[in-house]
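Listed below, chain by chain, are the residues.
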There are 2 protein chains.
Amino acid sequence: MSMFENRQFRLAARPVGLPKASDWTYVKEPARPPEDGEVLVGVEYLSLDPAMRGWMNEGKSYIAPVKIGEVMRALGVGKVVESKAAGFAAGDYVSGALGIQAYATVKAKELTKIDPRLAPLPVFLNVLGMTGMTAYFGLLDVGEPKEGDTVVVSGAAGAVGATVGQIAKIKGCRVVGIAGGAQKCAFLTNELGFDAAVDYKSADFKKELKAACPNGIDVYFDNVGGEILDTCLALINLHARIVICGAISQYNNTTAIQGPANYLSLLVNRARMQGMVVFDYADRYGLAAREMAGWMAAGKLIGKEDIVTGLESFPQTLLKLFSGENFGKLVLKV
Amino acid sequence: MSMFENRQFRLAARPVGLPKASDWTYVKEPARPPEDGEVLVGVEYLSLDPAMRGWMNEGKSYIAPVKIGEVMRALGVGKVVESKAAGFAAGDYVSGALGIQAYATVKAKELTKIDPRLAPLPVFLNVLGMTGMTAYFGLLDVGEPKEGDTVVVSGAAGAVGATVGQIAKIKGCRVVGIAGGAQKCAFLTNELGFDAAVDYKSADFKKELKAACPNGIDVYFDNVGGEILDTCLALINLHARIVICGAISQYNNTTAIQGPANYLSLLVNRARMQGMVVFDYADRYGLAAREMAGWMAAGKLIGKEDIVTGLESFPQTLLKLFSGENFGKLVLKV
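Residues numbered from 1 in each chain as written. Chains lettered and ligands numbered in written order. Predicted model: local features only at pLDDT ≥ 70, side-chain atom pairs only at ≥ 80, totals over all residues.

Q: Tell me about the pairing of strand S5 (residues 93-96) of chain B, residues and numbers included.
A: Remember that side chains alternate between the two faces of the sheet whenever the strand is regular. Residues and elements named next belong to chain B. Examined bridge by bridge, strand S4 (residues 76-83) and S5 share 4 bridges and lie antiparallel to one another. Opposite Lys79, over in S5, you have Tyr93 as the bridge partner. The sheet contact formed by S5 and strand S7 (residues 112-114) spans 3 bridges and is antiparallel. Bridging across to S7, Tyr93 finds its partner in Ile114. (Pairing = 2+ DSSP bridges. Helix = DSSP H or I, 4+ residues; strand = E, 2+ residues; numbered from the N terminus.)

Q: Give me the interface of chain A and chain B: which residues, what numbers.
A: Listed as interface residues are 24 residues of chain A and, on the opposing side, 24 residues of chain B. Of all elements in the fold, only helix H7 (265-268) and strand S13 (272-275) of chain A reach the threshold of two or more residues within the side of chain A that touches chain B. For the side of chain A that touches chain B, the element with the most residues is S13(A), which contributes 4 residues. Per-class residue counts for the side of chain A that touches chain B are 16 nonpolar, 5 polar and 3 charged. (Contact = placed C-beta atoms within 7 Å. Nonpolar A, V, L, I, M, F, W, Y, C, P; charged D, E, K, R; others polar.)

Q: Residue-level account of the packing of helix H2 (residues 130-143) of chain B against helix H8 (residues 285-297) of chain B, with values.
A: All names here are of chain B. Their axes nearest at 10 Å, the elements H2 and H8 cross at an angle of 95°. When the axis of H2 is compared with that of H8, the two are roughly perpendicular. Residues Gly132, Met133, Tyr136 and Phe137 of H2 form the contact with H8, whose own contacting residues are Tyr285, Ala288 and Met292. Looking at the contact of H2 with H8, its residues break down into 6 nonpolar, 1 polar and no charged. (Axes fitted to C-alpha atoms, helices over the stretch in contact; angles between N-to-C directions. Parallel < 35°, antiparallel > 145°, perpendicular 65-115°, else oblique.)

Q: Describe in detail the confidence of the model for chain A, supporting the description with residues and values.
A: Averaged over every residue, the pLDDT of chain A is 95; the share at 70 or more is 99%. Overall fold confidence (pTM) sits at 0.91, and the ipTM for the predicted complex is 0.90. (pLDDT = per-residue confidence, 0-100.)

Q: With reference to specific residues and values, describe the relation of the copies chain A and chain B.
A: Two copies of a chain can be linked by a rotation about an axis combined with a shift along that same axis. In screw terms, the move from chain A to chain B is a rotation of 180° and a rise of 0.0 Å along the axis, fitting with an RMSD of 0.0 Å. Viewed as a symmetry operation, the transformation between the two copies matches a two-fold axis. Taking C-alpha positions as reference, the residue of chain A nearest the rotation axis is Gly259(A), located at 2.2 Å. A high fraction, 100%, of the interface residues of chain A reappear at the interface in chain B, so the copies pair face to face through one surface. (Least-squares fit on C-alpha atoms with pLDDT ≥ 70 in both.)

Q: An account of the domain arrangement of chain A is requested, with residue identities and associated values reported.
A: Residues and elements named next belong to chain A. Looking at the assigned domains, one finds that chain A contains domain 1 (5-126 + 304-333) and domain 2 (130-279). Domain 1 and domain 2 are separated by 28 Å when their C-alpha centres are compared. Of the residues lining the interface, 17 residues belong to domain 1; the matching set on domain 2 comes to 14 residues. No other element matches the 3 residues that helix H1 (residues 51-55) contributes to the side of domain 1 that touches domain 2. For the side of domain 1 that touches domain 2, the per-class residue count stands at 9 nonpolar, 5 polar and 3 charged. (Domains from an automatic or database assignment.)

Q: Go over the nonpolar core with me, naming the residues and quoting the values.
A: Formed by 213 residues in total, the largest nonpolar core has its most connected members in Val41(A), Leu46(A), Val41(B) and Leu46(B). The contact partners of Leu46(A), leaving out residues within four places of it in the chain, are Ala74(A), Gly76(A), Leu98(A), Ile100(A), Val331(A), Leu332(A) and Val334(A). (Core = buried A, V, L, I, M, F, W, Y, C linked by C-beta atoms within 7 Å. Buried ≥ 20, exposed ≤ 12 C-beta atoms within 10 Å, placed from the backbone.)

Q: Any chance you could break down the environment of Lys146(A) for me, citing the residues and the numbers?
A: All names here are of chain A. Among the secondary structure elements, Lys146 is positioned in the loop between helix H2 (130-143) and strand S8 (150-154). On the basis of neighbour counts, which here come to 12 C-beta atoms within 10 Å, the residue Lys146 falls in the exposed class. Along the primary structure Lys146 and Ser313 are separated by 167 residues, whereas in three dimensions their C-alpha atoms are 43 Å apart.

And the structure:
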């Protein structure tokens, strides 16, 4: 048996609405020693993402749902403590789908080695990880911003949104962020260089967004769905592109999803709404990460992480994503 | 004064829901003689289109609304009876936005000459007119069908839908039409060569559509919106294209438009939903009409017109579009 005691959160039930404590089982057991081709990873940081809510639901999606009784799926970074795989040695740092647990026994081919001298570990879950890749490919490949375009992003103080906005600035766009509360809005304009930020909790949100987009919207990067998507649809320009990256306002619905009532604005404006999943761009992650690292080194791209310590806090920490409470990339430090 | 007595339907009020008799004023008055650059056209056939309902509403759209008191906008074909414009002579046949009236005094530059020896006049309002252009560019430029794709079209027994399906067959696709009632469905498969037709009024519509698309949907050409759009969204394949051409199920709503609740299928399937307006392709109408005329001559493309006689019947005849009663291109014979 392994000398490492593992601690895990397993999915106990499919949540209805917000995940609650009884949807999880907390398990302590020895970590399974690696077999040939596997490594045992000591998990250090875990990425908490809105997409995780979708993985808990039954039914066809872009990835299989987490099964009842399985360790909850999550991306993470950690250090190899034991290797039975060529090319991996104890002490190597890796990233991959490690799961909500203290130790992960994983096939080596599902891991990526990372160099901790390049950036602090949590950055590999943010700008240099799937979050950054989602922002990069969603904005550039699907949104196709041109210099001078007005780019609007929702969930703008979240991990993907903040990166989208900064890349759009690098590309010469007017960038407007939508976020909840004055503090987040100030962060977007003062620290990230957004041209404007609009608080969706404001009673005059629609008017304020319109005022922040005097030339209309050319690209809308949607992380939230619901009313905000509809408000943006009403402001799009001819040939606008709407990137559907997520719909956090709808993930915990216990009633039907709210479809965009203003979708006929796509017709009027000959515009398109297109979905994206980051996995499709895997063959270009390396290129993108190099470009993003360059922007970070040049001070043009800032990552902000919201790090919460303690694996045990997972059930409550996850909820910060849906309450609008987190600020930057939500990371759980094991 | 003119020797021609005109008869016109003018918009009297903006309709709430279905247009009713009191939303129109019927006016008899002498036709205005043409001034320099204008011609006087004796209107022979008028095109009745779902889009007309949108033109009656106030508010920004892809074209200015018809003003209260103005002759109702409509495309038509007719014969020049008097010309004050170079290049046009009495006896010439023309098409253009003639309006719901017996005589139209129009700027010559807004008219297109047509050759009545090529096809019966109503065909210039159907396959060789805006209807055909909408089908051609919407399907080929926005839908981008590839050989072997499954193409689904709603409003399939309507003018645009029937043409979309036939062009998709010419391009080597599996074509499934959605229409209301057994007679229309039989027409699609027996006379137009669709691979399958599904009756949206059937209690088992969703099951039947799924069975008709064993390989899922690659292109969905949407003329109707509402539940049918949602049903198709649930069946799309990876990288599917949804063409938003119209939403006839929603045009007479007195409540909010029903947005597509299944729009997150765009995300899951990395699919796109894109609007189109035929006017954007004006520089290629000639090319498309030549290709379509060739297909008609070769017997590969059939146009069906539903011709109602009598300008005075306009208010009731228009309603056939929204009751599902018309079958083929609805044309009013003046």
